Every structure is written in structure tokens, then in C-alpha cells.
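Residue-level structure breakdown
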Amino acid sequence: MTDAWDYKGRPAERLKTGGWASAAMILGGEAMERLTTLGIAVNMVTYLVGTMHLGNATSANTVTNFLGTSFMLCLLGGFIADTFLGRYLTIAIFATLQATGVTILTISTIVPSLRPPKCAANTVPPCIPASGMQLTVLYVALYLTALGTGGLKSSVSGFGSDQFDDSDKEEREQMTKFFNWFFFFINIGSLAAVTILVYIQDNLGREWGYGICACAIVLGLVVFLSGTRRYRFKKLVGSPLTEIATVFVAAWKNRKLEMPSDPSFLYDVDDISEGRKKIKQRLPHSEQFRHSSFTS
């Protein structure tokens, strides 16, 4: 385990770190994240229409923007994890952000001043839409949740696979099983969200449904942090986005350079010829097959 360390920066010991004991805590966190995100999004439209008194189109657009932002922010979360913070800190920080967002959302369903009054027949119009302040609180809650979801989702599976040594045959098989269980827990969390949580929200109230979501993500965060001493940590490898950005920056800086008179100057001929030699060494029969295809 020369490429892995424990939480104090020491070389990780196989029997004291990693394995299923630490991977199980990560799986629990992923299940809570799925439960929380889908528990909010699955019937948010009815909440925005029935409680916040927004139009159907606006409500549907708000939910799709929330979900789209959650998935798009996975790119940001992955970049931060691979380049700056590492997967452990990224999960811990963004799970905290998600818990904060869901808590604000829960509070907004409890405090009367954070939502418009109920529809009344003696008012014009009968349903007063949410005010700017009320919508601001709602959007802050939703997009904090989306930010947390993106950072959390981008690192959970990778950090789980870090708990297994790919060079060890037994642990490599365990890693394969980990991904099977990972997707199983995603489905379990999703199933609970679209069945149990929806029932609670529709019959007991949004404050109960969103409150359970807040408790779930906080519980997942606590379980995740409790495994700190057992986790294996790997060094930062950098993000592919950095290399892609470097190419674009270099191309932009060189956009005004004149093209050489001979196009061959754009390439390193020695490197190309060396690459061809290596290919021929790896595929000694390629020339034979090429010539035979012409003669047949």
C-alpha cells in the first residue's frame, strides 16, 4: 500500500485501514444523499404550485433547473477534489453545504412568514404568489442543496474505490462488489424517496418530509466522519479539466502566430518515426496482413 496513507499521513496498513469496514460508511452516505435529493425534487412542483402559488411552468422549470444544476456541479466537485481538497474533504464540506440547504428549506416550510398565505376566496387574486424575499430563501435553500449534491456525488464512488487495493486480487474483487452495492444503495435511497417520503409529505406535511431529509443527510455526514480513522487516502492526481484548459489557453495565446511554410514543421518528425517503430514492434504481423490483403 505504498500509494495510500491513513488520516495522519502514514503509509496505510492493510488490516487497519480501508476494506469493507470503511466502504460501508461511504455507502450509507450515498444512500442518504439519494434519499435527500430525490425526496426534495420528486414532488417539489406540487409544493411550488400549491403552497408558493407559482405557475405550473415556473414550478416545473424551477425543479428541472435544480436537478440540472445538481448534476452539472459534479464537474466542479470532481475538479476541486482531484486538484485541491481531495475526495474526503470534498465529501465532508459539500455534505455540510447540502445539510445546510435542506435545513433552510425545512425552516421555510415551518415559519409562516417564509411562505405566502393560503388561498382565500375573499381576496383578489385569491392566491397571492410568494414574495421576492420568500423566493430568495427558497432558491438559496435549493441551490445550496444542489451545490452540496454535486460535490458529494462526484467523489463518493471514487473515495469508496480508494478503500480497496487494486494490486491485490482479493481486494480487487471486493472493489467490484463495492460498485454493485453502491448502485444498490442508490436505488434503495431513490425508492424510499419516491414512496415513503412522498407519502409523508402529502399526508403529514412538507415540514415532516423535508425535516426527515435534513436529518438523513446529517446522519449520513456523521456516519461518514466517524470513519475518518479507518479511511485510506490517496494523493491528488490532478483533474483532466486542467489539462484540457491548458490546451485551450495555449491555443488562444498562439492564435495570431503565422503558419509555417512547410506543414511538416508542425510535427516532431523524429517522435512520429519513433512511434511507428514501436507500433511495428508490438504488431510484427501487421505488414504481413496488409500486403496479404492487397494480394488476395
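No experiment lies behind these values; they were computed from the predicted model shown.

What counts as what
Residues numbered from 1 in each chain as written. Predicted model: local features only at pLDDT ≥ 70, side-chain atom pairs only at ≥ 80, totals over all residues. Heavy atoms only, no water. Helix = DSSP H or I, 4+ residues; strand = E, 2+ residues; numbered from the N terminus. Buried < 20%, exposed > 50% of the residue type's maximum accessible area, 1.4 Å probe, protein only. Contact = heavy atoms within 4.5 Å. Areas by Shrake-Rupley, 256 points an atom, 1.4 Å probe, with all protein chains shown as cover. UniProt positions renumbered as here; feature names shortened; annotations may be inferred. Core = buried A, V, L, I, M, F, W, Y, C linked by side-chain atoms within 4.5 Å. Disulfide = S-S within 2.5 Å. Expected span 1.5 Å × (residues − 1). Bend = angle between axes of the 7 residues up to and from the residue. Polar contact = N/O pair within 3.5 Å; in protein donor to acceptor, adjacent residues only side chain to side chain. 1 Å grid on protein atoms, 1.4 Å probe; cavity = no way out; pocket = protein on both sides within 12 Å on 5 of 7 lines; lining within 4 Å. Points joined across faces, edges and corners; volume = space filled by probe spheres on them. Nonpolar A, V, L, I, M, F, W, Y, C, P; charged D, E, K, R; others polar. Phe/Tyr/Trp six-rings, centres within 6.5 Å; stacked < 30°, edge-to-face > 60°.

Moving on: the overall build of the chain. Regarding its fold elements, the chain presents 10 helices and 2 strands. Sequence-ordered secondary structure for the chain, helices as α and strands as β, is β-α-α-α-α-α-α-α-β-α-α-α. Counting across all 296 residues of the chain, residues that qualify as buried make up 38%. For the chain, contacts bridging at least 24 residues in sequence account for 78% of all contacts bridging at least 6. With the model as given, the accessible surface of the chain reaches about 17,300 Å², and the carbon-plus-sulfur share is 66%.

Attention now goes to the UniProt feature "transmembrane region" (unreviewed entry) in the chain. In the numbering used here, UniProt assigns the "transmembrane region" (unreviewed entry) feature to residues 35-54, 66-85, 92-111, 131-152, 178-201 and 207-225. Along residues 66-85, the helical share is 100% and the strand share 0%, with 25 Å between the first and last C-alpha atoms.

Residues Ile40, Met44, Tyr47, Leu48, Met52, Leu105 and Leu138 are the most contacted members of the largest nonpolar core, which totals 24 residues. Taken together, the elements giving at least two residues each to this core come down to helix H1 (20-41), helix H2 (44-50), helix H3 (56-85), helix H4 (87-110), helix H5 (132-161), helix H6 (169-203) and helix H7 (206-226). If one sorts the elements of this core by residue count, H5 sits on top with 5 residues. Here Leu48 is in contact with His53, Leu54, Ser59, Thr62, Val63 and Leu138, once residues within four sequence places are set aside.

Moving on, we come to the state of the cysteines. This model, assessed by the stated rule, comprises 1 disulfide. Between the sulfur atoms of Cys119 and its disulfide partner Cys127 the distance amounts to 1.9 Å. One disulfide, between Cys119 and Cys127, carries an S-S torsion of 115° and so falls in the right-handed class. Given a relative accessible area of 39%, Cys119 falls into the partly exposed group. Looking at Cys127, the relative accessible area reads 30%, which means it is partly exposed. Residue Cys213 stays outside any disulfide, its sulfur separated by 9.4 Å from that of Cys215, the closest cysteine. Taking relative accessible area as the criterion, Cys213 reaches 0% and is therefore assigned buried.

With that settled, consider H6. For an α-helix, 3.6 residues make a turn, and residues three or four places apart therefore share a direction. A rise of 1.5 Å per residue sets the reference length of H6, with its 35 residues, at 51 Å; its end C-alpha atoms lie 51 Å apart and thus fit the reference within 8%. Remark: the principal bend of H6, roughly 35°, maps to Ala193. N-cap assignment for H6: the residue whose side-chain oxygen lies 3.1 Å from the backbone N of Glu170 is Asp168. Backbone geometry just downstream of H6 places Gly205 in the positive-phi region, at approximately 125°.

What follows is about empty space enclosed by the protein. Scanning the entire structure with this criterion turns up 1 cavity of 30 Å³ or more. Approximately 80 Å³ is the volume attributed to the largest cavity. Lining the largest cavity, in full, are Ile26, Gly29, Glu30, Ile91, Ala95, Leu152, Val156, Ile217, Gly220, Leu221 and Phe224. At the level of elements, H1, H4, H5 and H7 are the ones that each hand at least two residues to the lining of the largest cavity. Counting residues per element, the lining of the largest cavity draws most heavily on H7, at 4 residues. Here the lining of the largest cavity is composed, by residue class, of 8 nonpolar, 2 polar and 1 charged.

Quick look at the layout of surface pockets now. Reported here for the largest pocket is a volume of approximately 260 Å³. Around the largest pocket sit 14 residues that line it, and Gly86, Arg87, Lys234, Lys235 and Leu236 are the ones nearest its centre. At the level of secondary structure, the elements contributing two or more residues to the lining of the largest pocket comprise H3, H4 and strand S2 (233-234). Tallied by class, the residues present in the lining of the largest pocket amount to 8 nonpolar, 1 polar and 5 charged. As a volume, the second largest pocket reaches approximately 200 Å³.

This part covers the side chain of Lys153. With respect to the secondary-structure elements, Lys153 resides in helix H5. Classification of Lys153 by relative accessible area gives buried; the value is 19%. With residues near it in sequence (within four places) discarded, Lys153 still touches Glu33, Arg34, Phe71 and Cys74.

The next subject is the packing of aromatic side chains. Taken as a whole and assessed by the stated rule, the structure comprises 20 aromatic pairs. Aromatic side chains Tyr88 and Phe233 sit 5.3 Å apart centroid to centroid with 85° between the ring planes, which places their arrangement in the edge-to-face category. Placement of Tyr88 in helix H4 and of Phe233 in strand S2 is noted, with a sequence separation of 145 residues between them. Looking at Tyr88, the relative accessible area reads 15%, which means it is buried. Overall, Phe233 belongs to the buried group, its relative accessible area being 17%. Both rings, one in Phe164 and one in Phe178, keep their centres 5.9 Å apart while their planes meet at 50°; by these two values the pair is tilted. Note that Phe164 is positioned in the loop between H5 and H6 and Phe178 in helix H6, a separation of 14 residues in sequence. Look at Phe164 and you get buried, because its relative accessible area is 1%. Three or more aromatic residues joined by ring pairs form one cluster here, namely Trp20, Phe164, Phe178, Phe179, Phe182 and Phe183.

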